[in-house]
Amino acid sequence: MAQIAECPECGNSRALLECCPHCGSPTPPILSADTIELNIKSDNPSVEEALDRLTEKIRTYQELGIKNIILIHGYGSSGEGGRIKWAIHNALENNRYADRVEEYHFGERVAFGSIAYNALMKQRPGLKHYLRHFKGGNAGMTVLLLGSVRRSA
Ligand SMILES: [Zn+2]
């Protein structure tokens, strides 16, 4: 994971979700970027585990101020990677994450230089660093655009 977060207590760079390894501060870090890459399949979860994990991560990242998630779910017509991809596509299309995810873009539809890509870059420039590598689009990932945290008055 790229270092995008800085400890507000001691100023060292640190991971997003744990205490600061330098000073032990549990205070959430200051972000220097609004985009994060999330690999949901790295430890071969079941489909249900992957969906539950995504719910949890979306909530955590949104509360930290992350705006864009590059979700890596793998692809393929068979195997767990393929099942996770289709389950996530289904969940998104059935509005499972609609309270927090404003928009989603399947990787194969945002090929570098396409109209969809250019529109997305205009909307969320923080994605450029991540998406410019995917020349022909990338069927193994989906871009999630998070809404603002709604705080009750
Ligand atoms: Zn610290």
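Everything numeric in this text was worked out from a predicted model, so none of it was measured. In this convention, every chain numbers its residues from 1, walking through the sequence in written order. Reporting in this predicted model follows two pLDDT cut-offs: at least 70 for local features of residues, and 80 or more for side-chain atom pairs to be given and counted; totals over whole chains, interfaces and linings ignore these cut-offs and use all residues.

1. What about the overall build of the chain?
- Secondary structure elements are defined from DSSP: runs of H or I of at least 4 residues count as helices, runs of E of at least 2 residues count as strands, and each element is numbered from the N terminus. A tally of regular secondary structure across the chain gives 4 helices and 6 strands.
- Along the chain direction, N to C, the helices and strands of the chain fall in the order β-β-β-α-β-α-β-α-α-β.
- A compact globule built from 153 residues would reach a C-alpha radius of gyration of about 15 Å, and the chain, at 16 Å, matches this within 12%.
- In terms of overall dimensions, the chain has a C-alpha envelope of 45 × 35 × 35 Å along the principal axes.
- Residue burial in the chain is summarised as follows: out of 153 residues, 25% are buried. Using C-alpha atoms as the atom set, the radius of gyration is obtained and then compared with a globule rule of 2.2 Å times the number of residues to the power 0.38. Buried, partly exposed and exposed are defined by the number of other C-beta atoms within 10 Å of a residue's own C-beta, namely 20 or more, between the two limits, and 12 or fewer respectively, with C-beta atoms placed from the backbone.

2. Section: the domain arrangement of the chain
- Segmentation of the chain into domains, including their bounds, is taken from an automatic or database domain assignment. For the chain, the assigned domains read domain 1 (1-32) and domain 2 (33-146).
- When each unit is reduced to the centre of its C-alpha atoms, the spacing between domain 1 and domain 2 is 24 Å.
- With 7 residues of domain 1 in contact, the opposing surface of domain 2 contributes 7 residues.
- When its residues are assigned to classes, the side of domain 1 that touches domain 2 shows 6 nonpolar, 1 polar and no charged. Our contact criterion uses C-beta atoms placed from the backbone: two residues qualify when those atoms are within 7 Å. All residues other than Ala, Val, Leu, Ile, Met, Phe, Trp, Tyr, Cys, Pro, Asp, Glu, Lys and Arg, Gly among them, are scored as polar; the first ten of these are nonpolar and the last four charged.

3. Let's talk about unusual backbone geometry
- With phi around 50°, N44 is a residue other than glycine that occupies positive phi space.
- Tracing the chain through its elements places N44 in the loop between β3 (35-39) and α1 (47-64).
- Here the phi dihedral of N95 falls at roughly 65°; this positive angle occurs in a residue that is not glycine.
- Its place among the elements puts N95 in the loop between α2 (79-93) and β5 (101-106).

4. A few points about the nonpolar core
- The biggest cluster of nonpolar side chains holds 22 residues, and the ones touching the most others in it are Y61, I69, L71, V143, L144 and L146.
- Sorting the residues of this core by element identifies α1, β4 (68-72), α2, α3 (115-123) and β6 (141-146) as the ones contributing at least two each. Only buried Ala, Val, Leu, Ile, Met, Phe, Trp, Tyr and Cys residues enter a nonpolar core, and they are joined through C-beta atoms within 7 Å.

5. Overview of the pairing of β6
- Here β6 lies mainly inside the structure; 5 of its 6 residues are buried.
- Pairing of β4 with β6, which is carried by 5 bridges, proceeds in the antiparallel orientation. Among the inter-strand pairings, I70 is bridged to a residue of β6, identified as V143.
- Relative to β6, β5 runs antiparallel, the two being bridged by 5 bridges. Note on β6: the bridge partner recorded for Y104 is L144. Only strands that DSSP links by at least two bridges are regarded as paired with each other.

6. A short note on the environment of L54
- Within the secondary structure, L54 sits in helix α1.
- Separated by 85 residues in sequence, L54 and A139 have C-alpha atoms that sit 18 Å apart.

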